[in-house]
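# Report on the structure
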Amino acid sequence: MKISIIGSGYVGTTIAACLADIGHDVINVEIDEDIVESINAGTAPIHEPGLQERIAEHAGSRLRATTDYDAVCETDVTFLCLPTPQADDGSLDLAIMEAAAESLGAALAVKSDDHLVVVKSTVLPGTTEEVVAPTVTEAAGTEAADRLSFAMNPEFLRMSTAVTDFLEPDKVVFGTTDDSAAATLRELYAPILEREGTDHVETDIREAELIKYANNAFLASKISLVNELGNIAKEYGADAYEVLEAVGLDDRISERFMRSGLGWGGSCFPKDINALRAGAREQGYEPELLDAVVAVNDRQPRRLVDALAEHVPLEGARIAVLGLSFKPNTDDIRKSRSLDVIDHLRAAGAGVVAYDPVAMDNVRERYPDLEYADTAESALEGADGAVLATDWDGFVDLSFEGMARRVVVDGRRIDVDTSGLEVYDGLTW
Ligand SMILES: NC(=O)c1ccc[n+]([C@@H]2O[C@H](COP(=O)([O-])OP(=O)(O)OC[C@H]3O[C@@H](n4cnc5c(N)ncnc54)[C@H](O)[C@@H]3O)[C@@H](O)[C@H]2O)c1
Ligand SMILES: O=c1ccn([C@@H]2O[C@H](COP(=O)(O)OP(=O)(O)O[C@H]3O[C@H](CO)[C@@H](O)[C@H](O)[C@H]3O)[C@@H](O)[C@H]2O)c(=O)[nH]1
């Protein structure tokens, strides 16, 4: 099948490479010329395991990129993989989506065959039918509009496991209002749907849009609940990890997403939970539980810094913060809890020396005056205290020998050797 993908960031690039891999002809339409050049040169514009080899293999044949929207006319299906960021008031900002929908419609005005437009971006219920479809249709003009149909196909991939999450998903969701759109998507996804272990859901567009938010709301709520239980466990002197490991043996609960500590960050959970809260309020519903989910999450970095302050006077202290990305195996620092820890430490008068295996360049842009270390051990050298903020695998082997005071507060339950430490304190254990 011939597929165009508008927007070539994490989602657009990953699904383009994966769809080419399962045999489709794919073209990325992207406004950033560097990304276009990179894909056409066979180089992945982002780091994701399994992506580089797929782009290298298919670039120039089944995978191409362009800045020219007219390319959509050579394809049967267009996926919209555009950012849907958070506005200042927490609500969903659709400006980028609308601009791209207009460009898409204008390009499709001259196409004489049927065309399916699929919204892949995370959008609130009603967006596909009330914003995207009318915008594309109006720009395409009445004649072309009759040949257009619309669908919503939410994406559940995680950063750092994006390729396998797309090719081997737990579920694929199609939101459609007509049988032929569903049939096209079934054909497009055939190798993935045929795979054992992939569940397949067909529903209306509105439900598909909400499934994505409900999924993220559930996962973020699970982590906040685990953190609340962890905070309570700690007050009782109990180990939350042992408690929740046993709780997770109940099939109805599952042992996944049970890691308590500093909480959730990243480019998705924070903006999506906020969009859902703002959307619910707009609909006249007070999302009290989701408000609490965010409040618990926002408290964890402060709790960690308070725990450290019990062992080390922070004013004038040298504190090593190890791990800056929002989770391991990515350089993404968006809404990383580590940055909140740094803010609280600095507000308390501490000097921070930071280390991360891959995310330091991104943090430098935001904190140019912070001290950065080349290795974890050099960050620890002479430090009065250390914070473990991201659960990078390599931190398991850390040596704390060079610290001035061997005080470590762990926000992620990293299995470090605590034998030589003066103080080892876990945030929720
Ligand atoms: N990142 C994830 O893990 C993930 C997972 C599932 C769903 N989502 C959702 O998918 C959507 C896209 O997320 P992302 O992380 O890929 O975003 P991103 O910011 O990484 O990429 C978006 C791309 O769109 C391009 N772009 C912007 N305006 C354009 C235009 N008018 N025409 C063409 N290209 C344009 C940007 O240059 C950028 O490369 C969002 O709604 C997000 O919530 C993201
Ligand atoms: O037990 C856990 C699991 C995760 N986290 C934290 O939760 C955040 C998000 O982690 P993860 O879900 O692995 O990362 P994302 O790449 O943001 O993926 C989420 O957001 C994507 C964008 O919507 C969805 O597609 C995915 O299904 C959803 O898992 C990170 O800060 C993790 O440190 C915990 O604190 N404890």
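Residues numbered from 1 in each chain as written. Chains lettered and ligands numbered in written order. Predicted model: local features only at pLDDT ≥ 70, side-chain atom pairs only at ≥ 80, totals over all residues. Heavy atoms only, no water.

You'll find the protein entered in an unreviewed UniProt entry as UDP-glucose 6-dehydrogenase, with Halostagnicola larsenii XH-48 given as the organism. Annotation of the protein in UniProt includes, under Pathway (unreviewed entry), the sentence "Nucleotide-sugar biosynthesis; UDP-alpha-D-glucuronate biosynthesis; UDP-alpha-D-glucuronate from UDP-alpha-D-glucose: step 1/1." (UniProt positions renumbered as here; feature names shortened; annotations may be inferred.)

On to a nonpolar patch on the surface. On the surface, a cluster of nonpolar side chains totalling about 450 Å² of accessible area is made up of Leu 225, Leu 229, Ile 232 and Tyr 236. For Leu 229, the location among the structural elements is in helix H10 (residues 205-235). Look at Leu 229 and you get partly exposed, because its relative accessible area is 40%. (Patch = residues over 30% accessible without salt bridge, like charges linked within 9 Å, V, L, I, M, F, W, Y side chains within 5 Å. Areas by Shrake-Rupley, 256 points an atom, 1.4 Å probe, with all protein chains shown as cover. Salt bridge = Lys/Arg side-chain N within 4 Å of Asp/Glu carboxyl O. Helix = DSSP H or I, 4+ residues; strand = E, 2+ residues; numbered from the N terminus. Buried < 20%, exposed > 50% of the residue type's maximum accessible area, 1.4 Å probe, protein only.)

Per the counting criterion, the structure on display carries 6 aromatic pairs. Summarising the aromatic geometry, the rings of Tyr 241 and Trp 429 are spaced 5.3 Å apart at their centres and angled 80° between planes, so their arrangement reads as edge-to-face. Pair noted here: Tyr 241 is in helix H11 (residues 240-247) and Trp 429 is in the segment after strand E14 (423-426), with a separation of 188 residues, a long-range link. Of the two residues, Tyr 241 and Trp 429, both sit in the buried class. Ring centres 6.4 Å apart and planes at 65° place the aromatic pair Phe 257 and Phe 269 in the edge-to-face group. Highlighted residues: Phe 257 in the loop between H11 and helix H12 (269-282) and Phe 269 in helix H12, separated in sequence by 12 residues. (Phe/Tyr/Trp six-rings, centres within 6.5 Å; stacked < 30°, edge-to-face > 60°.)

Further remarks concern the site of ligand 2. Taken together, 21 residues sit near ligand 2, with Phe 156, Leu 157, Met 159, Lys 212 and Cys 268 positioned nearest. In this structure, an oxygen atom belonging to ligand 2 sits 2.8 Å away from a side-chain N or O atom of Lys 212. Burial of ligand 2 by the surrounding chains reaches 91%, relative to a free accessible area of 700 Å². Looking at the shell around ligand 2, the elements with two or more residues in it are H10 and H12. In terms of residues, the shell around ligand 2 owes the most to one element, H10, which gives 4 residues. Taken together, the residues of the shell around ligand 2 break down into 11 nonpolar, 3 polar and 7 charged. Formed jointly, the shell around ligand 2 draws a minimum of three residues from each of two domains, domain 1 (2-203) and domain 2 (222-429). (Near = heavy atom within 4 Å. Polar contact = N/O pair within 3.5 Å; in protein donor to acceptor, adjacent residues only side chain to side chain. Nonpolar A, V, L, I, M, F, W, Y, C, P; charged D, E, K, R; others polar. Domains from an automatic or database assignment.)

As a further point, take the nonpolar core. Ranked by internal contacts, the top residues of the largest apolar core, which has 51 residues, are Leu 308, Ile 319, Leu 322, Leu 345 and Leu 398. Here Leu 398 is in contact with Leu 322, Ala 376, Glu 377, Leu 380, Leu 388 and Val 416, once residues within four sequence places are set aside. Ala 100, Trp 264, Ala 275 and Val 293 belong to the second largest nonpolar core, which has 41 residues in total. (Core = buried A, V, L, I, M, F, W, Y, C linked by side-chain atoms within 4.5 Å. Contact = heavy atoms within 4.5 Å.)

As a further point, take the site of ligand 1. As a matter of local geometry, ligand 1 sits amid 26 residues, with Val 11, Glu 30, Tyr 69, Thr 84 and Lys 271 nearest to it. Between an oxygen atom of ligand 1 and a main-chain N or O atom of Gly 9, the distance comes to 3.5 Å. Take Tyr 10: an N or O atom from its main chain is 3.1 Å from an oxygen atom of ligand 1. Within the complex, the protein chains bury 87% of what would otherwise be the 830 Å² of accessible surface of ligand 1. Counting only elements with at least two residues in the shell around ligand 1, the list comes to helix H1 (10-21) and helix H4 (95-108). Looking at the shell around ligand 1 residue by residue, the classes come out as 15 nonpolar, 7 polar and 4 charged. Inspection of the shell around ligand 1 shows a minimum of three residues originating in each of domain 1 (2-203) and domain 2 (222-429).

A word on the UniProt feature "binding site: substrate" (unreviewed entry) in the protein. Sites flagged by UniProt as "binding site: substrate" (unreviewed entry) map to Lys 212, Phe 257, Met 258, Arg 259, Ser 260, Gly 261, Gly 265 and Lys 327. Spanning 116 residues, the named residues are also spread out in space, since their farthest C-alpha pair is 24.7 Å apart. Along the polypeptide, Lys 212 turns up in helix H10. In contact with Lys 212, other than residues within four places in its own chain, are Thr 122, Pro 154, Glu 155, Phe 156 and Asp 272. Tracing the chain through its elements places Gly 265 in the loop between H11 and H12.

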